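Chain by chain, the residues run as shown.
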Amino acid sequence: HVYKCCSCGETHGTHGPLGRLFDKFATKQQKKTYNLIRPEEFEEKQVKKVKLRLPEGYTKFKDSNPIYPIYRQAMNYLKSRGITDEIIEKYQIGFCDKGDYSGRIIIPSYTENGTLNYFIARAWAGDSRFKYKNPVAEKDKIIFNEHLIDWFKDIYLVEGVFDGFFLDNSIPMLGKYLSPLLFETIYEKALGNVVICLDGDAWANAQKLYNELNGGRLYNKIKIVKLPSDKDVCDLRGEINEYYYKMR
C-alpha cells in the first residue's frame, strides 16, 4: 500500500502512501473502491506535530564560563576539528551539560524566518555509543540553516554539517541524497553555480546527483568536485575552494 515512481520518485516527491495517490488523482468511484479494500493499518494517521525546541541544558559557549570543565571538554573537541570562534558564533554552536543530550555539541538549524527546524547533537567523547542523537523530526522536510543561504552566490552541497563549516554558502544534505524539498528549492532559487562536494567515498552518489540537477534552468550551472577516496571536506578544510576553481 505504498507507491513510488521508478524514474523520479527520489526527486519529485512521487512516492508515499497509496491512499495519497488516490486522493490526488482517482475518481470518486475509484476512491470508494480503494477505501473498501484498504486494510485499516495502512490508513494515514494524523500525526500531531510537536513544536521543536532546543534540548534541555543547551548553552552557547559565549554564555558559559571558560573554566567550566564541560565547557573545556566541548571546546577542545571543536578545536580538534578545526572549528574557529567565528564558526561557533556564526552557527550558534553550543553544548549540553545535562538532560538527554548531555555530553553533546548542539548545532541548531533555522528557517529563513528564524524558526528552529532541526538540530544536530554530536557526542564529543570518543567512547560514546552513538556519535549522533538527533531530534524526532523529518529532516527531509527542512533545509538546514536556510537563513544563512545566499541564493545569488555559488552554493556548495555537502553531506554533513561539519563539512559545511568550511565552505562558504554551503547546504548540508544530512546524508548522501537530495530531498525533494531541497531539489525543488535549489531549482527555483539558485542563481549561481551549484557545486556538489560529497565525501570521497561517495563519488557514485555525487555523479547521480549531478545528473539529477544538471537540467532545465540549472543546465551547465552544476559543478562537481572529486575528492580523494579517503577524504572528506573536513579533512581538506580550506583546500576545497582550490579544487573547485581548478576545475572551472
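Every chain is numbered on its own, with residues counted from 1 as its sequence reads. A pLDDT threshold of at least 70 governs which residues receive local features in this predicted model, and a stricter bar of 80 or more applies before side-chain atom pairs are shown or counted, although totals over entire chains, interfaces and linings include all residues. The basis for every side-chain value is the complete set of non-hydrogen atoms in the structure, without hydrogens or water.

J.: Would you explain the overall build of the protein in this entry?
T.: Strands here mean DSSP runs of E at least two residues long; helices mean DSSP runs of H or I at least four residues long; both are numbered from the N terminus. The secondary structure content of the protein amounts to nine helices and 10 strands. A buried classification covers 42% of the 248 residues belonging to the protein. Sequence separation of 24 or more characterises 60% of the internal contacts of the protein that already satisfy a separation of 6 or more. Under the convention used here, a 1.4 Å probe and the Shrake-Rupley method define accessible areas, while residue burial counts only the protein chains that appear. With an accessible surface of roughly 14,600 Å², the protein has 51% of that area assigned to carbon and sulfur atoms. Buried means the residue's accessible area, taken with a 1.4 Å probe over protein chains only, is under 20% of the maximum for its type, while exposed means over 50%, and partly exposed covers the values in between. Should any heavy atoms of two residues lie within 4.5 Å, those residues are considered in contact.

J.: Would you take a moment to explain the pairing of strand β7 (residues 155-158) for this structure?
T.: Every regular strand shows the same layout, with side chains that alternate between the two sheet faces. Taking every second residue as pointing to the same face, both faces of β7 are buried, with Ile155 and Leu157 on one and Tyr156 and Val158 on the other. Here the rule is simple: two strands pair whenever DSSP picks up at least two bridges between them. Sheet analysis places β7 next to strand β9 (residues 194-196), joined by three bridges and oriented parallel. From the neighbouring strand, Leu157 faces β9, where its bridge partner is Ile196.

J.: Explain the pattern of salt bridges to me, please; I cannot follow it from the model alone.
T.: A side chain with one charge can pair with a side chain of the opposite charge if their charged atoms come near. Between Lys or Arg on one side and Asp or Glu on the other, a salt bridge is scored when a side-chain nitrogen of the former is within 4 Å of a carboxyl oxygen of the latter. Counted under the stated rule, the structure contains nine salt bridges. When the shortest N-O distance is used, the salt bridge between Glu89 and Lys62 registers 3.7 Å. With a gap of 27 residues between them, Glu89 in helix α4 (residues 85-90) and Lys62 in the loop between β3 (58-60) and α3 (69-80) connect regions that are remote in the sequence. Close ionic contact of Asp168 with Lys153 constitutes a salt bridge, the shortest N to O distance being 2.8 Å. Of this pair, Asp168 sits in the loop between α5 (161-164) and β8 (170-172) while Lys153 sits in the loop between β6 (116-123) and β7; the two residues are 15 residues apart in sequence, bridging distant segments of the chain. What you see here is one network of salt bridges that share partners, running through Glu112, Glu146 and Lys189.

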